[in-house]
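What follows is each chain in one-letter form.
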Amino acid sequence: MGECEESELTRLLREQAGGFASCRAGAGGWEPPDTPGLLSRFREAAGLGWAGLLTSEGYGGEGAGWPEAVAVVEELAAGEPRLALMMASHLTCCRGAEMWGREDALREVLPPLARGERLGALGLTEPEAGTDFDRPRAALMVRGEAEVAVSGNKCFVTNAAAETPFSLLTFARSKSGLAALLIPSEAPGLHLAHLYRFSGWEGLPNHAVVLQDCRVPAGGVLRDGLGREDLLGMLDGAWLLAAALAAGMGRACLEEAAAYARRREQGGARLAGHQSAAFRLADTATGLELLRTSLLPAARRLRDGEDVHAEICMLKLHSAGWLEEAASCAVEMCGSFGYTLDSRISSLWRDSKGLRLLWGTRELARLELARSLGLPK
Ligand SMILES: Cc1cc2nc3c(=O)[nH]c(=O)nc-3n(C[C@H](O)[C@H](O)[C@H](O)COP(=O)(O)OP(=O)(O)OC[C@H]3O[C@@H](n4cnc5c(N)ncnc54)[C@H](O)[C@@H]3O)c2cc1C
């Protein structure tokens, strides 16, 4: 099999996810989805097994790997970016839990996540620790043998929804370094606070989460004594999925802009017939192809346990930068219509800015890349 040739399973999943998402790519005026609608779509997607893609079969999942997850997230993103981001957050949470949890605890907590009965969320960012994600203020308190509690504030948590139970994969300072925790939304002391309204990503469930002397259930301390490198290992997967999101959203931008350029006449010809417009579309298509052909090899190497951190930093850096440019270019191609809230392209453009920030800014990716090139901090 060639480096860029997908396995039969990946191809089938891509086809299935493409069909599933494309039916929602609305005709006419673009309407932002609402949160209940998104949650219902997530449940439908979970019904097809995608919520359990990265969870081992022994824990009720599909036991698939990163190439399959990338294909599904990319296809969902081309039609329904919010659903794709919810799925990417969920998969990141499930994968992180399985990386660090004890077998007996995972047997209990993972099956409902793999079935999509609970949403998985990643609580990395804090009000005072964004790019400094490895220096959380949240602290773990151990009281005797049986009781563990955590206090701290997490913010911008995708999938922290008021409407449905979720499990929060989060991190706190401990005596041994960093502790990875999996806390159910029902835990005493876990409260949803501010609901964020982003400039894009309308409808996405995203709240601040307050942990106030929050009781961590038995098995909820997945691993104590983690360091920055461990968290970066988890972020490799998250950033790979973020790059898959960019590829899907970029494809949608290209399709929207090309369709408009084919039907719009100005200067006595279709826009697509003007060389300057055609060149713009050709540039976007080139960036997209280069991104897509880098995704599969990186996903395979991550699945195979190879050190792919530098490549994934590059993917994070390149994909989010390229997408914003592609979306901005597509908005302009569609003229003022592209700039209205009724156009899907303006939604993709606003969403593209958020993708630059998701799970770490591009500066974090640059810092990491510089480090892996051996440059001093
Ligand atoms: C749509 C969306 C969904 C999100 N979902 C989640 C989620 O599910 N879970 C979660 O935990 N978070 C989530 N986030 C939050 C996101 O991960 C953080 O906003 C991001 O990591 C940046 O942190 P910050 O906002 O605190 O910015 P800061 O870290 O304060 O950065 C501010 C600016 O300073 C720059 N900067 C910071 N440090 C350095 C440095 N050392 N050198 C140079 N420049 C630097 C940054 O690049 C940035 O431009 C989400 C964000 C968005 C937009």
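Residues numbered from 1 in each chain as written. Predicted model: local features only at pLDDT ≥ 70, side-chain atom pairs only at ≥ 80, totals over all residues. Heavy atoms only, no water.

1. A short note on the overall build of the protein
Here is step 1 of the chain: For the protein, the count of helices and strands is eleven helices and ten strands.
Here is step 2 of the chain: In terms of overall dimensions, the protein is globule-like: its C-alpha atoms have a radius of gyration of 21 Å, near the 21 Å expected for 377 residues.
Here is step 3 of the chain: Dimensions of the protein, computed from the C-alpha atoms along their principal axes, are close to 80 × 45 × 40 Å.
Here is step 4 of the chain: Counting across all 377 residues of the protein, residues that qualify as buried make up 55%.
Here is step 5 of the chain: Put simply, of all contacts in the protein between residues at least 6 apart along the chain, 75% involve residues at least 24 apart.
Here is step 6 of the chain: Averaged over its 40 positive side-chain charges, the protein has a centre that lies 3 Å from the centre of its 49 negative ones. (Helix = DSSP H or I, 4+ residues; strand = E, 2+ residues; numbered from the N terminus. Rg over C-alpha atoms; globule rule 2.2 N^0.38 Å. Buried < 20%, exposed > 50% of the residue type's maximum accessible area, 1.4 Å probe, protein only. Contact = heavy atoms within 4.5 Å. Lys, Arg positive; Asp, Glu negative; His and termini not counted. Charge placed at Lys NZ, Arg CZ, Asp CG, Glu CD.)

2. Brief notes about unusual backbone geometry
Here is step 1 of the chain: One non-glycine residue with positive phi stands out, namely Trp 201, at about 55°.
Here is step 2 of the chain: Owing to a relative accessible area of 7%, Trp 201 belongs among the buried residues under this scheme.

3. Concerning the nonpolar core
Here is step 1 of the chain: By size, the foremost hydrophobic cluster in this structure holds 121 residues, and its most contacted members are Trp 50, Leu 76, Val 150, Leu 240, Leu 245 and Trp 359.
Here is step 2 of the chain: Here this core gets 22 residues from one element, more than from any other, and that element is helix H6 (residues 228–263).
Here is step 3 of the chain: The residues contacting Val 150, other than those within four sequence positions of it, are Ala 138, Ala 139, Leu 140, Met 141, Ala 172, Leu 181, Ile 183, Leu 211, Gln 212, Asp 213, Cys 214 and Val 216. (Core = buried A, V, L, I, M, F, W, Y, C linked by side-chain atoms within 4.5 Å.)

4. A closer look at the site of the ligand
Here is step 1 of the chain: As a matter of local geometry, the ligand sits amid 20 residues, with Leu 122, Thr 125, Thr 131, Phe 156 and Glu 363 nearest to it.
Here is step 2 of the chain: One of the side-chain nitrogen or oxygen atoms of Thr 125 is found 2.7 Å away from a nitrogen atom of the ligand.
Here is step 3 of the chain: Measuring from an oxygen atom of the ligand, one finds a backbone N or O atom of Gly 360 at 3.1 Å.
Here is step 4 of the chain: In the complex, 68% of the free accessible area of the ligand, which totals 980 Å², lies under the protein chains.
Here is step 5 of the chain: Cavity membership is defined here by more than half of the atoms lying within 2 Å of grid points; on that basis the ligand lies in the largest pocket. (Near = heavy atom within 4 Å. Polar contact = N/O pair within 3.5 Å; in protein donor to acceptor, adjacent residues only side chain to side chain. Areas by Shrake-Rupley, 256 points an atom, 1.4 Å probe, with all protein chains shown as cover. 1 Å grid on protein atoms, 1.4 Å probe; cavity = no way out; pocket = protein on both sides within 12 Å on 5 of 7 lines; lining within 4 Å. Sits in = over half its atoms within 2 Å of the grid points.)

5. Some remarks on the layout of surface pockets
Rolled over the atoms, a probe as big as a water molecule pinpoints where empty space is left.
Here is step 1 of the chain: If you add up the space inside the largest pocket, you get close to 600 Å³.
Here is step 2 of the chain: Within the residue set of the lining of the largest pocket, elements represented by two or more residues are helix H4 (81–100), strand E3 (147–158) and helix H10 (344–357).
Here is step 3 of the chain: Ranked by residues supplied to the lining of the largest pocket, first place goes to H10 with five residues. (Points joined across faces, edges and corners; volume = space filled by probe spheres on them.)

6. Quick look at the pattern of salt bridges
Here is step 1 of the chain: If you walk through the whole model with that rule in mind, you get 37 salt bridges.
Here is step 2 of the chain: Across the pair Arg 14 and Glu 74 runs a salt bridge whose closest N-O atoms are separated by 3.4 Å. In this pair, Arg 14 sits in helix H1 (residues 8–22) while Glu 74 sits in helix H3 (residues 66–79), placing the two residues 60 residues apart along the sequence.
Here is step 3 of the chain: Note on Arg 14: relative accessible area 14%, which makes it buried. (Salt bridge = Lys/Arg side-chain N within 4 Å of Asp/Glu carboxyl O.)

7. Brief notes about the side chain of Ser 174
Here is step 1 of the chain: Here Ser 174 lies in strand E4 (residues 166–174).
Here is step 2 of the chain: A polar atom in the side chain of Ser 174 sits 2.5 Å from the side chain of Asp 224.
Here is step 3 of the chain: Excluding residues within four positions of it along the chain, Ser 174 makes contact with Leu 140, Ala 179, Asp 224 and Gly 225.

8. Comments concerning the packing of H3 against H4
Here is step 1 of the chain: One way to put it is that H3 packs onto H4 with a least axis distance of 6 Å and a crossing angle of 155°. Considering the angle they form, H3 stands roughly antiparallel to H4. Contacts between H3 and H4 involve Trp 66, Ala 69, Val 73, Leu 76, Ala 77 and Gly 79 from the former and Pro 81, Leu 83, Ala 84, Met 87, Ala 88, Leu 91 and Arg 95 from the latter.
Here is step 2 of the chain: Residue classes in the contact of H3 with H4 are distributed as eleven nonpolar, one polar and one charged. (Axes fitted to C-alpha atoms, helices over the stretch in contact; angles between N-to-C directions. Parallel < 35°, antiparallel > 145°, perpendicular 65-115°, else oblique. Nonpolar A, V, L, I, M, F, W, Y, C, P; charged D, E, K, R; others polar.)

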